[in-house]
Amino acid sequence: MLKAGIQTTIFIFALLFILSGSAAFAGEPRTVEVMNNVYTIVDGDGVDSNTTFITTKEGVIVIDTRPTPAEARKVLAEIRKRTDLPIVYTINTHYHGGHTFGNQVFKDSKTIIAHKNVRNMLIDFGQDNLSSLKTLKIPGMDEVEITLPNVVFEKRMKIWLGEYRLELLYDGRGHTNGDTIIYIDHLRTVIAGDLISNGEIPYMGDAYLDEWIETLNLLEQLKNETVIPGHGPIGGRPTIIAMKHYLLSLKGLVLKQLDNSKSLKATQEAVAPVLREKYKSWKKLERIEGNIERAWLEYSAKEGT
Ligand SMILES: [Zn+2]
C-alpha cells in the first residue's frame, strides 16, 4: 500500500505539474501539416501536448487526445475539415492526462490502443488524479470521464490502415513506465510522445533516467528523418540527439556530486546553474531542480544496492 501511495502521489504531482506548467501556452490550437495526410496539432487552451492525426483512404488514426474533451473536440473539428471517414484507431503514447483525458471524444473509434501499463496506471490512479486536477481550474476538466485503452500490447504491435503501416514499439521505461514509440518506416517518421520534448526541459516526475537514455538509443537507430515530439515543434534527428544530450548531462553532473557524497540540496545547488546556463534557450527551466532530484534519487538508490 505504501508503494501504491507513493506512486499515487507521484502520479498526482505529475499531472498537476504537467497541466499547470502548460497553462502558459493557453491559446487556440494550431494544425501543422507535417507531410501529406499527416497533421500535428500544437498549442491549445491550457496545454502544449501535441496530438497527431493521419488521414488514410480507409479512415483516420489519432495519436494522443489532449487534456480535456473540449480540446479533443477541436482536434475532431480539424479532422472533419479534411475527411468524413471514420476514426478507426486512437493511440495513447503514455498515460499522462495531457495525452489521454480527451479519449472519450474518440470513443466512436471503438479501438483505443496503448501499452498495457498505460491502462493499468489509468485504472489505479486515474480517478484520484482527475479529482485533483479539477481543483486547478483548467477549462473543461469537469467533463473528463477516464476512458481506458481497450487494446493493449507488451512489446510490439503493427497496424495497417489504408496505405499506412504503423509499428508500435515499447522498449522499456523512460519518460514513464509505458511509453510507446510509433514508427512509420515508409515515411521515415517517428511519433515519439514525451520521450522527446523539443526545445523544452522535459517533465521527469515519474521518469527513469537510465532507461530513458537506452530508449532514445533505439529511437536513434530507427530510420527516421521526421520526429514528432510530445511537446514542442516538429523536428528531425537532432531533436533526439539534443534530448539524449540533456539526459546525459543531467546524469553526468549528478553522478559527479554523488561520487563526492553530496546531499540532494548541495547537488541541486551545484548542478542547476550549469544546466540553466547550458539550456537557457529551452522552455520550462523551472523543471531543472525537479529533474536533478529525480536523477539524484535514482542513482542514490542504485549506489545503495
Ligand atoms: Zn508526459
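Rules of the game
- Residues numbered from 1 in each chain as written.
- Predicted model: local features only at pLDDT ≥ 70, side-chain atom pairs only at ≥ 80, totals over all residues.
- Pairing = 2+ DSSP bridges.
- Helix = DSSP H or I, 4+ residues; strand = E, 2+ residues; numbered from the N terminus.
- Axes fitted to C-alpha atoms, helices over the stretch in contact; angles between N-to-C directions.
- Contact = placed C-beta atoms within 7 Å.
- Buried ≥ 20, exposed ≤ 12 C-beta atoms within 10 Å, placed from the backbone.
- Core = buried A, V, L, I, M, F, W, Y, C linked by C-beta atoms within 7 Å.
- Parallel < 35°, antiparallel > 145°, perpendicular 65-115°, else oblique.
- Left-handed = near helix turned anticlockwise from the far one by under 90°.

Asks: I would appreciate a short explanation of the sheet that holds strand S3 (residues 51-56) in the present structure.
Replies: Whenever strands of a sheet pair, they do so through backbone hydrogen bonds, lying parallel or antiparallel. The 7 strands are arranged S1-S2-S3-S4-S5-S6-S7 in an open sheet whose pairing can be described as mixed. Edge positions in the sheet fall to strand S1 (30-35) and strand S7 (151-153), since each has one partner strand and no second. Adjacent strand axes in the sheet meet at a mean angle of 20° when their direction is disregarded. Relative to strand S4 (residues 59-63), S3 is paired through 5 bridges, and the arrangement is antiparallel. Looking at S4, one finds that Thr 52 is bridged to Ile 63. Packed on one face of the sheet, helix H4 (residues 116-134) meets strand S6 (112-115) and S7 and runs near 100° to S6.

Asks: What exactly am I supposed to notice about the environment of Ile 184 here?
Replies: With respect to the helices and strands, the residue Ile 184 is situated in strand S10 (residues 181-184). The class for Ile 184 is buried, based on 21 C-beta atoms found within 10 Å. Along the sequence, Ile 184 and Leu 222 sit 38 residues apart, while their C-alpha atoms lie 9.8 Å from each other. Setting aside residues up to four positions removed in sequence, Ile 184 forms contacts with Tyr 164, Leu 166 and Thr 189.

Asks: Explain the nonpolar core here, please?
Replies: Within soluble globular proteins, side chains that are nonpolar generally end up buried alongside one another. Counting 62 residues, the largest nonpolar core has Phe 53, Ile 61, Val 62, Ile 182, Val 190, Ala 192 and Leu 250 as its most contacted members. Looking at which element gives the most residues to this core, the answer is helix H6 (residues 237-259), with 6 residues. Judged by nonpolar contacts, the second largest core, of 5 residues, contains Phe 101, Ile 138, Met 141 and Val 144.

Asks: Help me out: how do you make sense of the packing of helix H5 (residues 209-221) against H6 in this one?
Replies: Helix-helix packing is characterised by the crossing angle of the two axes and by the distance between the axes. Relative to each other, H5 and H6 sit at 155°, their axes nearing to 10 Å. In terms of their interaxial angle, H5 and H6 are classed as roughly antiparallel. Here H5 and H6 pass one another in a crossing that is left-handed. The segment H5 lies against H6, with Leu 209, Trp 212, Ile 213, Leu 216, Leu 219 and Glu 220 engaging Ile 240, Met 243, Lys 244, Leu 247, Leu 248, Leu 250 and Lys 251.

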